[in-house]
Amino acid sequence: MYQPRYPSFSVSRSAFGQTLEDAGPRGQALQSLAETDSLRSRFFSWRGASGRRYVCSVFQSGEDSFVADVTNGVVIGVAREGATTRPVCVFLAQERARRGLRQIARELGVAEWHVHFCADAASLRDLSASLLN
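For clarity, every value in this text was computed on a predicted model and none was experimentally measured. (Residues numbered from 1 in each chain as written. Predicted model: local features only at pLDDT ≥ 70, side-chain atom pairs only at ≥ 80, totals over all residues. Heavy atoms only, no water.)

Caption draft 1: Broad picture of the overall build of the chain. Along its length, the chain carries three helices and seven strands. Taking all 133 residues of the chain together, the buried fraction comes to 41%. Counted over contacts in the chain with a minimum sequence separation of 6, partners at least 24 positions apart contribute 63%. Surface accessibility of the chain: about 7,500 Å² in total, with carbon and sulfur atoms responsible for 49%. (Helix = DSSP H or I, 4+ residues; strand = E, 2+ residues; numbered from the N terminus. Buried < 20%, exposed > 50% of the residue type's maximum accessible area, 1.4 Å probe, protein only. Contact = heavy atoms within 4.5 Å. Areas by Shrake-Rupley, 256 points an atom, 1.4 Å probe, with all protein chains shown as cover.)

Now the structure itself:
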């Protein structure tokens, strides 16, 4: 199994061809924004292992320069396969440089970066346990 070089960086087993049997919905679009054209694609929520809901801002993979400037948050790399949204990595924002984001996006097929601002290591563990295991 893949062992990350950084202790606060997690990669999904499905990113390396190992799929999970439980494909239950762990994330969803925000219902309150369903009627808006301009905002509905800019926010998404993920559920942590604790059951807590984390609302994230959505940035396309080409917007990695902005994501690289985030200093306090959890970043979720998301691959898209049609209408399916699949998380492939989770890490603390301050631990990645701009060039690192581009490389991660290429290697794991990241189409979007979901950022939960003002997050801490506990949020990272909660989201990683839910999204990647």
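Caption draft 2: Examining the side chain of Asp126 more closely. By secondary structure assignment, the location of Asp126 is in helix H3 (residues 121–131). The side chain of Asp126 is buried and forms no salt bridge, while Arg52, the nearest opposite charge, is found at 5.9 Å. Here Ala49 takes part through its backbone nitrogen, which lies 2.8 Å from a polar atom of the side chain of Asp126. Beyond its immediate sequence surroundings of up to four residues, Asp126 is in contact with Gly48, Ala49, Ser50, Arg52 and Tyr54. (Lys, Arg positive; Asp, Glu negative; His and termini not counted. Salt bridge = Lys/Arg side-chain N within 4 Å of Asp/Glu carboxyl O. Polar contact = N/O pair within 3.5 Å; in protein donor to acceptor, adjacent residues only side chain to side chain.)

Caption draft 3: Local environment of the nonpolar core. Judged by nonpolar contacts, the single largest core of 17 residues is most densely connected at Val67, Val75, Cys89, Phe91, Ile104, Val110 and Trp113. Contributing elements (two or more residues each) for this core: helix H1 (64–69), strand E5 (73–81), strand E6 (84–92), helix H2 (98–108) and strand E7 (112–117). If one sorts the elements of this core by residue count, H2 sits on top with four residues. (Core = buried A, V, L, I, M, F, W, Y, C linked by side-chain atoms within 4.5 Å.)

Caption draft 4: Broad picture of the pattern of salt bridges. Here the structure, examined in full by the defined rule, presents four salt bridges. In this structure, Glu81 and Arg86 form a salt bridge, with 2.8 Å as the shortest nitrogen-oxygen distance. In this structure Glu81 comes out as partly exposed when scored by relative accessible area, which is 47%.

What is shown is where atoms sit, not what they do.
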